[in-house]
Number of protein chains: 2
Amino acid sequence: MTKVDVREKVLSENERVATANREVFGRADVLVLNLVSSPGSGKTTLLEGTLDRLPKTVRALVIEGDVCTARDLDRVKARGGTGVQINTGGGCHLSAQMVADVLGQLDLASADVVFIENVGNLICPSTYDLGEDAKVVLLATTEGDDKPMKYPAVFHESSLAVLNKVDLLPHLAYDIGKVEKEIAVLNPRCEIMRVSALRGDGMDAWISWIAARLADKRRRES
Amino acid sequence: MTKVDVREKVLSENERVATANREVFGRADVLVLNLVSSPGSGKTTLLEGTLDRLPKTVRALVIEGDVCTARDLDRVKARGGTGVQINTGGGCHLSAQMVADVLGQLDLASADVVFIENVGNLICPSTYDLGEDAKVVLLATTEGDDKPMKYPAVFHESSLAVLNKVDLLPHLAYDIGKVEKEIAVLNPRCEIMRVSALRGDGMDAWISWIAARLADKRRRES
């Protein structure tokens, strides 16, 4: 087999497992969001702020993906969250199989939303369906305003782009309007939010977006 | 062939081409530095500041790696730099073959240093030798102070860690000493510099480091 054949086989096998995951999530009636970004764009901080703000009627579980360490899961637990850690041991993205392997550790029946925090990588996770309802890409203002066109695939695949760390805008040369325009060119259906997960800006809109997606999923399935 | 077999074959073929690249660089008597980091950690800004500051006796060439666009090469050229752009078209790292394919476009004989700016990715580029003399990892303060242990491979492989964007430290909760300690645990031979490529902090030390590595390479080869 050539490298290309193997890649196609890996992706097609991943798609098969992702479909099975999606059926499991559907039966449990949970909304699943796959958070993707570069390292340090604020995925875990967004989760911390989300756990603080979600209404009690929206019960959350977290699947944490990382190359090494359980640091992110420790932060989630310190915030009262529940979840599992996946360590890829060098792998640069989560796969559907990695997610399938931990589903037995989660009480999906008593959850409403599952957040999957992918490995910090703006490229590879965009290719791998995990069985989620939507991908959410985070892009920090500190990463510079030239990024969407340089890393287009993840914006093609995402339903929402969270432009995080807007609290640092006064200290940066960053044209947020330019970033929003580039994302709109790459994917006109991708919604965009300006957020500071640390300071709280935009978090109400994010929580409302989650609640609306959950309600929408349940309406379609009922 | 299994996925593992193919990966081993790809890496062993990469090693063969990297060795050939290293011989080409050796014959041209150039120092080659492979810059690796997350998207937006400041690799191109470091190159801009480097081109401004390198003494005239150290002539530089740049190989720019990116998924899409020639934005980074445009910035290098706007600074008076010379180089070539590699677009991986979705690929998450440069390979030795991609570098080999552009060497004919570079006048290595009239250069002293070649900077290779890798694709923005803190994971995959650490596995691929391009024929460089040293890997230099950049980590921006804005990425958070928990990163080395979460992304250990690139620190194992690097000769120098540039902790960039120290100009933003007054606005961040960031323990730079903790980061330095973690890097030292992962790789005691990895040198560490505190830099603001944008404001200029630490740039003299970085230029001196390049000059010392170049002198050292030429001494060993003469």
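Here is what the cut-offs are and how they apply
Residues numbered from 1 in each chain as written. Chains lettered and ligands numbered in written order. Predicted model: local features only at pLDDT ≥ 70, side-chain atom pairs only at ≥ 80, totals over all residues. Heavy atoms only, no water. Phe/Tyr/Trp six-rings, centres within 6.5 Å; stacked < 30°, edge-to-face > 60°. Helix = DSSP H or I, 4+ residues; strand = E, 2+ residues; numbered from the N terminus. Buried < 20%, exposed > 50% of the residue type's maximum accessible area, 1.4 Å probe, protein only. Core = buried A, V, L, I, M, F, W, Y, C linked by side-chain atoms within 4.5 Å. Contact = heavy atoms within 4.5 Å. Axes fitted to C-alpha atoms, helices over the stretch in contact; angles between N-to-C directions. Parallel < 35°, antiparallel > 145°, perpendicular 65-115°, else oblique. Left-handed = near helix turned anticlockwise from the far one by under 90°. Nonpolar A, V, L, I, M, F, W, Y, C, P; charged D, E, K, R; others polar. Expected span 1.5 Å × (residues − 1). Least-squares fit on C-alpha atoms with pLDDT ≥ 70 in both. Pairing = 2+ DSSP bridges. Salt bridge = Lys/Arg side-chain N within 4 Å of Asp/Glu carboxyl O. Arc of directions from axis to C-beta.

Would you mind going over the packing of aromatic side chains with me for this structure?
Residues and elements named next belong to chain A. A full pass over the atoms with the stated rule returns 4 aromatic pairs over all chains. Centre to centre, the rings of F115 and W206 are 6.4 Å apart; their planes meet at 45°, and the pair counts as tilted. Here the residue F115 occupies a position in strand 4 (residues 113-117), and W206 occupies one in helix 8 (residues 203-221), the gap between them amounting to 91 residues. By relative accessible area, F115 is classed as buried at 0%.

Can you help me understand the nonpolar core in this one?
The nonpolar side chains of soluble globular proteins are, as a tendency, buried together. Core analysis: the largest hydrophobic core is formed by 60 residues, its most contacted members being A:I63, A:V99, A:L108, A:V114 and A:I116. Residues in contact with A:V99, not counting those within four places in the same chain, are A:N21, A:F25, A:I63, A:I86, A:I116 and A:L130. Grouped together as the second largest cluster of nonpolar side chains are 27 residues, B:L31, B:F115, B:L160 and B:V195 included.

Quick question: what am I supposed to make of the packing of helix 2 (residues 43-53) of chain A against helix 3 (residues 71-78) of chain A here?
When two helices pack together, their arrangement is given by the angle between their axes and by how far apart the axes lie. Residue and element names in this part refer to chain A. Between helix 2 and helix 3, the shortest axis-to-axis distance is 9 Å and the interhelical angle comes to 15°. The pairing of helix 2 with helix 3 is recorded here as roughly parallel in orientation. The handedness of the crossing between helix 2 and helix 3 is right-handed. On the side of helix 2, the interface is formed by T44, T45, E48 and L51, while helix 3 contributes D72, R75 and V76. In terms of residue class, the contact of helix 2 with helix 3 is made up of 2 nonpolar, 2 polar and 3 charged.

How should the side chain of A:T142 be read in this particular structure?
Residue position: A:T142 is located in the loop between strand 5 (134-140) and helix 5 (147-150). Non-local contacts of A:T142, meaning those with residues more than four positions away in its chain, are made with A:K165, A:L168, A:L172, B:G40, B:T142 and B:K165.

It is not clear to me how helix 1 (residues 3-28) of chain A should be interpreted in this structure. Could you clarify?
Working note: α-helix, 3.6 residues per turn, so residues spaced by three or four point in the same direction. Spanning 26 residues, helix 1 of chain A covers 37 Å between terminal C-alpha atoms, matching the ideal 38 Å at 1.5 Å per step. Where helix 1 of chain A is concerned, the buried positions are A:V6, A:N14, A:V17, A:A18, A:N21, A:F25 and A:A28. Buried residues along helix 1 of chain A sit against strand 1 (31-36), helix 4 (96-102) and helix 8 of chain A together with helix 1 (3-28) of chain B. Backbone geometry just downstream of helix 1 of chain A places A:D29 in the positive-phi region, at approximately 60°.

Hey, could you run me through the relation of the copies chain B and chain A in this one?
What relates the two chain copies is a rotation about an axis together with a slide along it. Note on the identical chains: chain B maps onto chain A by a rotation of 180° and an axial translation of 0.0 Å, with an RMSD of 0.0 Å. With respect to symmetry, the two chain copies, as superposed, fit the operation of a two-fold axis. Residue by residue, 100% of the interface of chain B is reproduced at the interface of chain A, so both copies engage with the same surface.

Can you walk me through the sheet that holds strand 4 (residues 113-117) of chain B in this structure?
Neighbouring strands of a sheet are bound in pairs by backbone hydrogen bonds; such pairs are parallel or else antiparallel. Residues and elements named next belong to chain B. In spatial order, the strands read 3-2-4-1-5-6-7; together these 7 strands make up an open sheet with parallel pairing. Of all the strands in the sheet, the pair left with one neighbour each is strand 3 (83-87) and strand 7 (191-194). Across the sheet, the mean angle from the axis of one strand to that of its neighbour is 20°, orientation sign disregarded. Relative to strand 3, strand 2 (residues 60-66) runs parallel, the two being bridged by 5 bridges. The residue bridging E64 from the neighbouring strand is Q85, located in strand 3. Running at roughly 170° to strand 6 (residues 158-164), helix 7 (residues 176-186) makes contact with strand 5 (134-140), strand 6 and strand 7 of the sheet. Against the sheet, helix 8 (residues 203-221) contacts strand 1 (31-36), strand 4, strand 5, strand 6 and strand 7, and its axis sits at roughly 140° relative to strand 1.

Which parts of the structure should I look at to understand the pattern of salt bridges?
Applying the stated rule across the entire model yields 42 salt bridges over all chains. In this structure, A:E48 engages A:R75 in a salt bridge whose closest nitrogen and oxygen atoms are separated by 3.1 Å. Here the residue A:E48 occupies a position in helix 2, and A:R75 occupies one in helix 3, the gap between them amounting to 27 residues. Relative accessible area serves as the criterion here: at 27%, A:R75 is assigned to the partly exposed category. One network of salt bridges, with partners in common, ties together A:E48, A:D52, A:D66, A:D72, A:R75, A:R79, B:D146, B:K147 and B:K150.

When you look at helix 8 of chain B in this model, what are you seeing that I'm missing?
Residue and element names in this part refer to chain B. For helix 8, with 19 residues, the first-to-last C-alpha span of 27 Å sits near the 27 Å given by 1.5 Å per residue. Along helix 8, the residues that are buried comprise M203, W206, I207, W209, I210, L214 and K217. Taken down its axis, helix 8 places every buried residue within 155° of arc, on the same side. For helix 8, the exposed residues lying more than 90 degrees away from the buried face are D204, R219 and R220.

Honestly, the sheet that holds strand 3 (residues 83-87) of chain A in this entry has me stumped. Any pointers?
Residue and element names in this part refer to chain A. Strand order in the open sheet formed by 7 strands is 3-2-4-1-5-6-7, and the pairing between neighbours is parallel. At either end of the open sheet lies a strand with only one pairing partner, and these are strand 3 and strand 7 (191-194). Geometrically, the sheet is characterised by an average inter-axis angle of 20° between neighbouring strands, direction not taken into account. Examined bridge by bridge, strand 5 and strand 6 (residues 160-164) share 5 bridges and lie parallel to one another. Among the inter-strand pairings, A140 is bridged to a residue of strand 6, identified as N164. Most of the contacts of helix 2 go to strand 4, to which it runs at about 160°, and overall it touches strand 1, strand 2 (60-66), strand 4 and strand 5.

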